[in-house]
Amino acid sequence: MQKSGLIERMTRQRRIILEEMQTPGRHLTADDVYERVKQKIPNISLGTVYRNLEILHQAGLIKKLTMGGCQKKYDGGMHRHYHVRCIKCDKVQDVSAEAFQDLNKAALHGVDSFEIIDHELEFIGICDKCRVKE
């Protein structure tokens, strides 16, 4: 299971971390992953989880989400999609990218000398649970 030559071998720890990340719609912090993986590998350290999350991210097997205002999260969904984040509780959900097919092209309108190779898009709002609390 090698991608981009960055993972020389899929260790048991990496495999279990990757399995935790591959549940659709799951956006976990390193601490969340650590708590889940610790149930299967009791002696794993938080540092090991951080290192392996970074290795899996660099290999293109998971995404690292650096969203405004919240702790870094990781996403195992590698399909093209965006995210919506609640500004009250930091809940994150996937948003389909289908409605934004020509976003790269639209972004270049009036811009010279750029070739867009990728983009990230975050929507912010208030989730239903937090709206009810208000």
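Let me sum up the structure you'll find in this document. (Residues numbered from 1 in each chain as written. Predicted model: local features only at pLDDT ≥ 70, side-chain atom pairs only at ≥ 80, totals over all residues. Heavy atoms only, no water.)

To continue, consider the nonpolar core. The nonpolar side chains of soluble globular proteins are, as a tendency, buried together. Within the largest apolar cluster, 18 residues are counted, with the highest numbers of intra-cluster contacts made by Ile17, Met21, Val33, Val37, Val49, Leu53 and Ile62. If you list the elements that add at least two residues to this core, you get helix H1 (12-21), helix H2 (30-38) and helix H3 (46-58). Among residues more than four places away in sequence, those in contact with Ile17 are Val33, Val37, Val49, Asn52, Leu53 and Leu56. (Core = buried A, V, L, I, M, F, W, Y, C linked by side-chain atoms within 4.5 Å. Buried < 20%, exposed > 50% of the residue type's maximum accessible area, 1.4 Å probe, protein only. Helix = DSSP H or I, 4+ residues; strand = E, 2+ residues; numbered from the N terminus. Contact = heavy atoms within 4.5 Å.)

Once that is clear, we can look at the state of the cysteines. In a disulfide, the sulfur atoms of two cysteines are held together by a covalent bond. Under the definition given, this model contains zero disulfides. As a non-bridged cysteine, Cys89 has Cys130 as the owner of its nearest cysteine sulfur, 3.7 Å distant. No disulfide involves Cys130; its nearest neighbouring cysteine sulfur is the one of Cys127, lying 3.6 Å away. Given a relative accessible area of 8%, Cys130 falls into the buried group. (Disulfide = S-S within 2.5 Å.)

Our focus in this paragraph is the pattern of salt bridges. Oppositely charged side chains can pair when the atoms bearing their charge come close. Enumeration over the complete set of coordinates arrives at eight salt bridges. Here Lys64 makes a salt bridge to Glu54, at a shortest N to O gap of 2.8 Å. Taken together, the residues Lys64 in strand S2 (residues 63-65) and Glu54 in helix H3 connect sequence positions 10 residues apart. Lys64 sits in the partly exposed class, given a relative accessible area of 22%. A relative accessible area of 26% means that Glu54 is categorised as partly exposed. Notably, a salt bridge pairs Arg131 with Asp128, separated by 2.4 Å at the nearest N-O pair. Of this pair, Arg131 and Asp128 both sit in helix H5 (residues 128-133), three residues apart, roughly one helical turn. Relative accessible area serves as the criterion here: at 52%, Asp128 is assigned to the exposed category. Because the salt bridges share partners, they merge into one network encompassing Glu20, Arg26 and Lys40. (Salt bridge = Lys/Arg side-chain N within 4 Å of Asp/Glu carboxyl O.)

So, about the packing of H1 against H3. Contact geometry for H1 and H3: axes closest at 10 Å, N-to-C directions at 70 degrees. In terms of orientation, H1 and H3 fall into the roughly perpendicular class. Between H1 and H3, the residues in contact are Gln13, Arg14, Ile17, Leu18 and Met21 and Thr48, Val49, Asn52, Leu53, Ile55 and Leu56, respectively. For the contact of H1 with H3, the per-class residue count stands at seven nonpolar, three polar and one charged. (Axes fitted to C-alpha atoms, helices over the stretch in contact; angles between N-to-C directions. Parallel < 35°, antiparallel > 145°, perpendicular 65-115°, else oblique. Nonpolar A, V, L, I, M, F, W, Y, C, P; charged D, E, K, R; others polar.)

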